[in-house]
Amino acid sequence: MSLAQNALQVCLTHPELQNEIYCQLIKQTSHRQPQNYSLIQCWQLLSVCVALFLPQHSFLWYLRVYLQRHADSRTEVGKYAIYCQRSVARTLQNGDREAKPSRMEIMSILLRNPYHHSLPFSIPVHFMNYTYQVVGFDGSTTVDEFLNTLNQEAGIRKPALSGFALFTDDPSGKDLEHCLQGNVKICDVISKWEQALKELHPGKYEGTRIVRLTYKSRLCFRAQAKGETERERLLLVYQVNDDVVHGRFPVNKELALEVAALMAQVLVCWVI
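Since the model is a prediction, treat every value here as computed from it, not as a measurement. (Residues numbered from 1 in each chain as written. Predicted model: local features only at pLDDT ≥ 70, side-chain atom pairs only at ≥ 80, totals over all residues. Heavy atoms only, no water.)

J.: Could you clarify how one ought to interpret the nonpolar core in this entry?
T.: In globular proteins that are soluble, nonpolar side chains generally tend to be buried together. In this structure, Y22, W43, F53, F146, L166 and Y215 are the most contacted members of the largest nonpolar core, which totals 53 residues. Leave out the neighbours within four places in its chain, and F146 touches I123, V125, V135, G136, F137, T141, L166, I186 and L213. (Core = buried A, V, L, I, M, F, W, Y, C linked by side-chain atoms within 4.5 Å. Buried < 20%, exposed > 50% of the residue type's maximum accessible area, 1.4 Å probe, protein only. Contact = heavy atoms within 4.5 Å.)

Here it is as structure tokens:
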């Protein structure tokens, strides 16, 4: 896994090597027995590679022809080729990545053939009411695309209307959060977070701690309050309560007690 990550990071750092790695992968996946385990490993590496960057000039045409020649839903290799075709289209749409593949991304490709899932990766997104929603994504999914899926599943309006935003925790373990910009790719966020964790705590949390994504209100738009959904209102109540409890929302003792009483009513009704 580390070898694959390091090799692909070198190709991201030195774009002149990108055509070369594709030539090598095509060579290694040609003229081998279909049941050869090393053949499957090469196709897995190719599946990771096409989500990061694409070869340039005529090499891209050759890659697409090569994938089309091998695409076959009846064989294991053919399924990887079909997945690579989908991934090539997505990379052309959203552009190259900035960071090497994360441990989570590679493990997902190794553990199951990504052909069987339109969105091969998934991660939980936490809400302020102690619930979460698992959201699927691929190697090219941007934060904006990710939030469109999340909003549809959670019953929340678009961020431009609701004021909600996606945050990550800080890999240092400090009580900090980082708001994600819409054009950033989710896989790049996960990879950079893992790399920061590794540099801050070498060998301590590797493979046991993952990035925590939280979806909560960042901005309040008075003009959009009338269209507020029940889910948004509930999450905002929990967020305000959390801010009061942790001293981020300045209130006097009387208001704090009133908020506590109202929150108790919400919790009791939720339990009942």
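J.: I'm lost on the packing of aromatic side chains in this one. Help?
T.: Two aromatic rings are characterised by how far apart their centres lie and by the angle between their planes. Under the criterion given, the structure shown has six aromatic pairs. Centre to centre, the rings of W43 and Y66 are 6.0 Å apart; their planes meet at 10 degrees, and the pair counts as stacked. Of this pair, W43 sits in helix α3 (residues 37–49) while Y66 sits in helix α4 (residues 58–70), placing them 23 residues apart in sequence. The same class applies to W43 and to Y66, which are both buried. (Phe/Tyr/Trp six-rings, centres within 6.5 Å; stacked < 30°, edge-to-face > 60°. Helix = DSSP H or I, 4+ residues; strand = E, 2+ residues; numbered from the N terminus.)

J.: Explain the pairing of strand β2 (residues 132–137) here, please?
T.: Along any regular strand, the residues point their side chains to alternate faces of the sheet. As defined by bridge partners, strand β1 (residues 121–126) adjoins β2 across six bridges and the pair is classed as antiparallel. The residue of β2 that forms the bridge with I123 is V135. Between β1 and the antiparallel strand that follows it, β2, lie five residues; Y130 among them carries a positive phi value of about 70 degrees. (Pairing = 2+ DSSP bridges.)

J.: Before we go on, may I ask you to explain a nonpolar patch on the surface in this structure?
T.: On the surface, a cluster of nonpolar side chains totalling about 290 Å² of accessible area is made up of M1, L110 and L111. By the secondary structure assignment, L110 is in helix α6 (residues 103–111). For L110, a relative accessible area of 43% puts it in the partly exposed group. (Patch = residues over 30% accessible without salt bridge, like charges linked within 9 Å, V, L, I, M, F, W, Y side chains within 5 Å. Areas by Shrake-Rupley, 256 points an atom, 1.4 Å probe, with all protein chains shown as cover. Salt bridge = Lys/Arg side-chain N within 4 Å of Asp/Glu carboxyl O.)

J.: What am I meant to see in the pattern of salt bridges here?
T.: Side-chain pairs of opposite charge can arise where the charged atoms are in close proximity. Counted by the stated rule, this structure contains 13 salt bridges. Linking K192 and E98 is a salt bridge whose minimum nitrogen-to-oxygen distance equals 2.6 Å. Remark: E98 occurs in the loop between α5 (76–94) and α6 and K192 occurs in helix α9 (residues 186–200); sequence separation between them is 94 residues. Under the relative-accessibility criterion, K192 is labelled partly exposed at 43%.

Worth remembering: the numbers are spatial, not functional.
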